[in-house]
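Chain by chain, the residues:
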Amino acid sequence: MSFSLISRKQDIERLKNETLDLLTIGGGITGAGVAIQASAMGMNNALIEMQDFAEGTSSRSTKLVHGGIRYLKNFDVEVVSDTVKERAVVQRIAPHIPRPDPMLLPIYDEPGSTFNMFSVKVAMNLYDQLAGVTDPKYTNYTLSKEEVLQREPQLNPDKLLGGGVYLDYRNNDARLVIENIKKAHENGGLMVSHVKAQHILHDENGKVNGVNVKDLLTGEEFDIHARLVINTTGPWSDFIREMDDHLEVTPQMRPTKGVHLVVDRSRLNVPQPTYFDSGKQDGRMIFAIPREGKTYFGTTDTDYKGDFLHPRVEQEDVDYLLSIINKRYPEAKITIDDIEASWAGLRPLISSNSSSDYNGGNSGKITSDSFDEVIDIVNKYENKEADRVDVEDVLNNLESTLSEKNPSAVSRGSALDVANDGLITLAGGKLTDYRKMAAGAIALITKVLKEDFNETFNKIDSKHLQVSGGDIDPNNVDATLSFFAKQGIESGLSKAEAEQIANLFGSNAPRVFSQIGKIEAAPGLTLAETISLHYSMNEEMTLTPVDYLLRRTNHLLFHHDTIDDVKKGVINEMSRYFEWSDEEREAQAKKLQETIDEASLTYLK
């Protein structure tokens, strides 16, 4: 099914003329999760996004489906249990996207360290139990100092005690969004980007019944009518609520900015994902992740009050991260000139959370006595001297050094609210929880549609609702993707090209390969790049070179070496495909170059 500029025009005509069951505002991961479930249930639903899908927060994460082991420093077992269980669900419904990638956790003897060698083993054992990790390839283990340095010779040996290794998953955040959106569209939903909400509409009884919007591609303004409207705009949630003149809005969002920097692996060789304390006694932990010949590291976590549409990496962000990286990897001597790419994103934290803990922020710690009590009971449990009830009893009665004992202080909670006029807002949460958050919202929406509109929809099990590209046995992912890649190889692509397409598009890879023989390589592009671009324009609503090179692929972030070679070919082929005028082509080329320059921090160098 086409999901392109052509289908967009058709969908907009329907938006103008139909009354929807549900309209979702916001095309990040939360909105995408709602849309795929609503469409699978047969709801007449639509989603609008003012930018490209995932252009905001949902393409700017640490690019992990993180299990949340950091929460175990405060023994928030419930959060870790929920997180790892939900991560397993995401891996089943999108098996080509989250991929297992064990994490190394070096342990240093420093003030304020999250773990020591004893507590990290206890935490990892508990983590594996909660996650159901039993495969010997992925169960946790500890390393001596010498073994850690043998694995990562660039790590600072000073005060290094050893390390732990536990299972985590790498992720392609923007691909996870677009695959949910594509499936929602395939199942009948109207998924439209570059349409901006301007004002919430109401019926004669003062109930929300739609949204006035503006098509940012044409400038046309029109009304969309819907029985229910849900706001899933993340950091922008308060702005949408303020468009509702029937509400007195108390701001509920407290966005924080997270920054990641990318360098070539020759400058910082990190053989596997690594997660360590900042060493600044600020309670934070930092990731260093190898990817596609590069290494990226982050993240910061600072309150943000700037331009929500355009958060940028600032000098202080760079200074903070480089000071940590150069302390942990002193021989690397990374400078700003080594940074090839970067990204900055906003996290949709809810202001009632007493502090942000996204990457281990200081949300308070349990007392020493309580900590010792937890270690003792966990040891007894492992030695079969205590049962689960005993463990839960201790964990439920922890004493915290925080003056306010608030669960949201140590877990990034979500909120599902219904205003008096019916506007629904789903906000907060973690990327890993998107499916579960959406399921909660859909349960509420289904109930209201039944009670208020006598509309009945059959329930679905969203834990088994595959995203587009996800029709793969989650227990046999590598072999299946290799099978798909073989089709590309047999059609004349190199092994590396075919594998890249299979890993990117999953079970849709055969659709990409099927174009071979029907189209030729575009000037300046390989045949593999050409068929990927055409598939993306035809079936992924790719409208600009930035859409393709930044969010449909990670070329702009992790292939800095070849971006100058590829960009001209992409611009020219998209210009030919979309029949752009010379002015439009130049505008798109300028926008792409501005994005490349900003990602490479030209303005700071």
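What you are looking at is a predicted structure, and each value in this text was computed from that prediction instead of being measured.

K.L.:
Give a description of the overall build of the chain that names residues and reports values.
P.N.:
Counting its secondary structure elements, the chain contains 19 helices and 20 strands. Its C-alpha atoms give the chain principal-axis dimensions of roughly 65 × 60 × 45 Å. Burial status across the chain gives 59% buried among its 605 residues. In the chain, once contacts between residues fewer than 6 apart in sequence are set aside, the share between residues at least 24 apart is 73%. Total accessible area on the chain stands at roughly 24300 Å², and carbon and sulfur atoms take up 47% of it. Side chains of the chain carry 66 positive and 93 negative charges; the gap between the two charge centres is 2 Å.

K.L.:
Tell me about empty space enclosed by the protein, and please be specific about residues and values.
P.N.:
In total, this model carries five cavities of 30 Å³ or more according to the counting rule given. Of the voids in this model, the largest cavity is the one considered here, and its volume is about 70 Å³. Partitioned by chemical class, the residues of the lining of the largest cavity number one nonpolar, six polar and five charged.

K.L.:
Can you lay out helix α3 (residues 77-93) for me, pointing to particular residues and giving the numbers?
P.N.:
In a regular helix each residue adds 1.5 Å, so 17 residues correspond to 24 Å; α3 covers 25 Å between its end C-alpha atoms and thus fits that length. Burial analysis of α3 places 12 of its 17 residues in the buried class, the great majority of the element. Taken as a whole, α3 has its buried residues at V77, V79, V80, S81, T83, V84, E86, R87, V89, V90, Q91 and I93.

K.L.:
Report on the sheet that holds strand β3 (residues 64-65), specifying residues and quantitative values.
P.N.:
The three strands are arranged β3-β8-β4 in an open sheet whose pairing can be described as antiparallel. With one partner strand each, in any of the chains shown, β3 and β4 (99-100) form the two edges of the open sheet. Pairing of β4 with strand β8 (residues 169-170), which is carried by two bridges, proceeds in the antiparallel orientation. From the neighbouring strand, R99 faces β8, where its bridge partner is R170.

K.L.:
So what's going on with unusual backbone geometry? Which residues, and what values?
P.N.:
At the junction of G298 and T299, the peptide bond is cis and its omega measures out at 20 degrees in the coordinates. Mapped onto the secondary structure, T299 falls in the loop between β16 (294-298) and β17 (302-303). The backbone of K333 shows a phi angle near 50 degrees, a positive value even though the residue is not glycine. Note that K333 resides in the loop between α8 (315-328) and β18 (341-347). The backbone of N454 shows a phi angle near 55 degrees, a positive value even though the residue is not glycine. Among the secondary structure elements, N454 is positioned in the loop between α11 (434-453) and α12 (477-490).

K.L.:
Go over α8, please, and point to the residues and values.
P.N.:
The terminal C-alpha atoms of α8 lie 20 Å apart, and with 14 residues this matches the ideal 20 Å at 1.5 Å per residue to within 8%. Listing the buried residues of α8 in full gives D317, V318, Y320, L321, L322, I324, I325 and R328. Next to the buried residues of α8 lie β5 (103-108), β13 (256-264), β14 (274-277), β15 (285-291) and β16.

K.L.:
Mind laying out the packing of helix α2 (residues 29-40) against helix α6 (residues 173-186), listing which residues take part and the relevant values?
P.N.:
One can describe the packing of α2 onto α6 by two numbers: an axis separation of 8 Å at closest approach and a directional angle of 25 degrees. Between α2 and α6, the interaxial angle falls into the category roughly parallel. Considering the relative orientation of α2 and α6, their crossing is left-handed. Touching I29, A32, G33, A35, I36 and S39 of α2 are L176, V177, N180, I181, K183 and A184, all from α6.

K.L.:
Describe the packing of aromatic side chains, listing the residues and the values that go with them.
P.N.:
Applying the stated criterion across every chain, the model contains 14 aromatic pairs. On the basis of an interplanar angle of 75 degrees and a centroid distance of 5.1 Å, the ring pair of F505 and Y535 is categorised as edge-to-face. Pair noted here: F505 is in helix α13 (residues 495-505) and Y535 is in helix α15 (residues 527-539), with a separation of 30 residues, a long-range link. Its relative accessible area of 1% is what places F505 among the buried residues. Residue Y535 is classed as buried on the basis of its relative accessible area of 2%. Here a set of aromatic residues connected by ring pairs shows up, and it is made of W236, F239, Y304 and F308. The ring of F222 carries the charged tip of K16 above its face, separated from the ring centre by 5.6 Å. Over the face of the ring belonging to W343 we find K63, whose NZ or CZ atom lies 4.8 Å from the ring centre.

K.L.:
Requested: an account of the pattern of salt bridges, with residues and values cited.
P.N.:
In total, this model carries 40 salt bridges according to the counting rule given. Residue R551 pairs with D547 through a salt bridge whose shortest N-O separation is 2.8 Å. Remark: D547 and R551 occur in helix α16 (residues 545-552); sequence separation between them is four residues, near one turn of the helix. For D547, a relative accessible area of 1% puts it in the buried group.

K.L.:
Outline the pairing of strand β12 (residues 221-231), listing residues and values.
P.N.:
Sheet topology places strand β1 (residues 19-25) next to β12; six bridges connect them, and they run parallel. By the bridge assignment for β12, L22 is matched with L228. Pairing between strand β11 (residues 208-215) and β12: five bridges, direction antiparallel. Within the sheet, the bridge partner assigned to G210 lies in β12 and is H225. Between β11 and β12, which pair antiparallel one after the other, the connecting turn spans five residues, and G219 there sits at a positive phi close to 85 degrees. Judged from the two bridges that link them, β12 and strand β20 (residues 424-428) form a sheet pairing that is parallel. Across the sheet, the residue bridging to I230 is I424, located in β20.

K.L.:
Please set out the pairing of β5 residue by residue, giving values where relevant.
P.N.:
Taken residue by residue, a regular strand's side chains alternate between the two faces of the sheet. Burial within β5 is extensive, with six of its six residues counted as buried. Burial along β5 is two-sided: the face carrying M103, L105 and I107 and the face carrying L104, P106 and Y108 are both buried. Looking at chain direction, β5 and strand β7 (residues 160-166) are connected through six bridges and run antiparallel. Looking at the pairing, L105 lines up with G164 of β7.

K.L.:
Mind laying out the side chain of N156, listing which residues take part and the relevant values?
P.N.:
Following the sequence through the fold, N156 ends up in the loop between α5 (145-151) and β7. Here N156 falls in the buried class, since its relative accessible area comes to 17%. Separated by 2.9 Å, the side chain of N156 and the backbone oxygen of K327 make a polar contact. Ignoring any residue separated from it by four or fewer positions in sequence, one finds N156 in contact with Y108, K327, R328 and P330.

K.L.:
Would you mind going over the environment of A38 in detail, with residue names and values included?
P.N.:
By the element assignment, A38 lies in helix α2. Considered as a pair, A38 and S323 are 285 residues apart in the sequence and their alpha carbons are 46 Å apart. The residues touching A38, leaving out its near neighbours within four places in the chain, are L22, M43, N45 and I442.

Parameters and conventions
- Residues numbered from 1 in each chain as written.
- Predicted model: local features only at pLDDT ≥ 70, side-chain atom pairs only at ≥ 80, totals over all residues.
- Heavy atoms only, no water.
- Helix = DSSP H or I, 4+ residues; strand = E, 2+ residues; numbered from the N terminus.
- Buried < 20%, exposed > 50% of the residue type's maximum accessible area, 1.4 Å probe, protein only.
- Contact = heavy atoms within 4.5 Å.
- Areas by Shrake-Rupley, 256 points an atom, 1.4 Å probe, with all protein chains shown as cover.
- Lys, Arg positive; Asp, Glu negative; His and termini not counted.
- Charge placed at Lys NZ, Arg CZ, Asp CG, Glu CD.
- 1 Å grid on protein atoms, 1.4 Å probe; cavity = no way out; pocket = protein on both sides within 12 Å on 5 of 7 lines; lining within 4 Å.
- Points joined across faces, edges and corners; volume = space filled by probe spheres on them.
- Nonpolar A, V, L, I, M, F, W, Y, C, P; charged D, E, K, R; others polar.
- Expected span 1.5 Å × (residues − 1).
- Pairing = 2+ DSSP bridges.
- Axes fitted to C-alpha atoms, helices over the stretch in contact; angles between N-to-C directions.
- Parallel < 35°, antiparallel > 145°, perpendicular 65-115°, else oblique.
- Left-handed = near helix turned anticlockwise from the far one by under 90°.
- Phe/Tyr/Trp six-rings, centres within 6.5 Å; stacked < 30°, edge-to-face > 60°.
- Lys NZ or Arg CZ within 6 Å of the ring centre and 35° of its normal.
- Salt bridge = Lys/Arg side-chain N within 4 Å of Asp/Glu carboxyl O.
- Polar contact = N/O pair within 3.5 Å; in protein donor to acceptor, adjacent residues only side chain to side chain.

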